Amino acid sequence: MNAGAVVIGNTYTISDASIFDLVGIWRLEQACFPKDAYDLFTLLNLALAPNVMRLKAVIDNRLVGFLAGEAVRYERAGWIITIGVSPRYQGRGIGRLLLSSAEQAMRSRIASMKLTVRRSNTRAIALYEHTGYRWISTYRAYYHDGEDGLIMEKDLTMA
Ligand SMILES: CC(C)(COP(=O)(O)OP(=O)(O)OC[C@H]1O[C@@H](n2cnc3c(N)ncnc32)[C@H](O)[C@@H]1OP(=O)(O)O)[C@@H](O)C(=O)NCCC(=O)NCCS
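The structure displayed is predicted, hence computed values, not measured ones. (Residues numbered from 1 in each chain as written. Predicted model: local features only at pLDDT ≥ 70, side-chain atom pairs only at ≥ 80, totals over all residues. Heavy atoms only, no water.)

Caption draft 1: Just the site of the ligand, in detail. The environment of the ligand is made up of 21 residues, and the closest members are Val-85, Gly-91, Gly-93, Gly-95 and Asn-121. Gly-95 is positioned such that a nitrogen or oxygen atom in its backbone is 2.8 Å from an oxygen atom of the ligand. Its free accessible area being 930 Å², the ligand has 73% of it covered by the protein chains. Here the ligand occupies the largest pocket. For the shell around the ligand, the elements supplying multiple residues, two or more each, are strand S5 (77–85), helix H3 (94–106), strand S6 (112–118) and helix H4 (122–130). (Near = heavy atom within 4 Å. Polar contact = N/O pair within 3.5 Å; in protein donor to acceptor, adjacent residues only side chain to side chain. Areas by Shrake-Rupley, 256 points an atom, 1.4 Å probe, with all protein chains shown as cover. 1 Å grid on protein atoms, 1.4 Å probe; cavity = no way out; pocket = protein on both sides within 12 Å on 5 of 7 lines; lining within 4 Å. Sits in = over half its atoms within 2 Å of the grid points. Helix = DSSP H or I, 4+ residues; strand = E, 2+ residues; numbered from the N terminus.)

Caption draft 2: Fine view of the packing of aromatic side chains. A complete count under the given rule lists three aromatic pairs for this structure. For the pair Tyr-142 and Tyr-143, a centre-to-centre distance of 4.9 Å together with 90° between the ring planes defines the contact as edge-to-face. Classification of Tyr-143 as buried rests on a relative accessible area of 14%. Within the aromatic cluster, the residues linked to one another by ring pairs are Tyr-139, Tyr-142 and Tyr-143. (Phe/Tyr/Trp six-rings, centres within 6.5 Å; stacked < 30°, edge-to-face > 60°. Buried < 20%, exposed > 50% of the residue type's maximum accessible area, 1.4 Å probe, protein only.)

Caption draft 3: Representation of the layout of surface pockets within the structure. In this structure, the largest pocket encloses a volume near 1200 Å³. If you trace the largest pocket, you find 38 residues lining it, with Phe-33, Ile-83, Asn-121, Ala-124 and Tyr-128 closest to the centre. Contributing elements (two or more residues each) for the lining of the largest pocket: helix H1 (22–32), S5, H3, S6 and H4. No other element matches S5, which puts seven residues into the lining of the largest pocket. Here the lining of the largest pocket is built from residues that sort into 20 nonpolar, 11 polar and seven charged. (Points joined across faces, edges and corners; volume = space filled by probe spheres on them. Nonpolar A, V, L, I, M, F, W, Y, C, P; charged D, E, K, R; others polar.)

Okay, here's the thing in structure tokens:
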């Protein structure tokens, strides 16, 4: 799956990630997710899976953000598998732009975007709510430490 266009922000670009970004994405996952980082093997699978969209944010040749998503045909929904921005670069609009780029690239094939987020992840929840996502249900004890996962959805059929 290909995002197509390169989006240029103030000082960063959003473009398709490739297998050559694997180590950078692995480091980013570890920095972003102290409790839930995907291991290298899982990230390798994501890098090779034919139906997965992979977007990266780059500043000065440095990978500072990553999003993986997948369109699930029977649901007519795109699921965000992971999204992370390097802690030093958070709060600059990179997460928001990664999200909107994924929505834009998938919207011809899906009716909504969905994701799961830790109940305690107020920062990510704020981003999702500000960009049109709404809570739809809860996976009880979804995470390995027993925390609930909130499922959020954004309707892409409206404008
Ligand atoms: C969640 C995450 C991807 C957001 O990326 P980001 O680049 O920091 O987000 P943005 O700069 O685009 O900010 C967008 C929104 O996030 C929220 N946000 C950003 N910085 C924030 C801060 N310092 N404090 C509180 N909220 C903040 C705001 O709601 C902001 O909306 P606004 O533009 O209307 O103010 C990033 O914080 C991250 O990587 N977190 C760790 C990994 C993670 O939790 N991923 C999500 C798993 S579901």
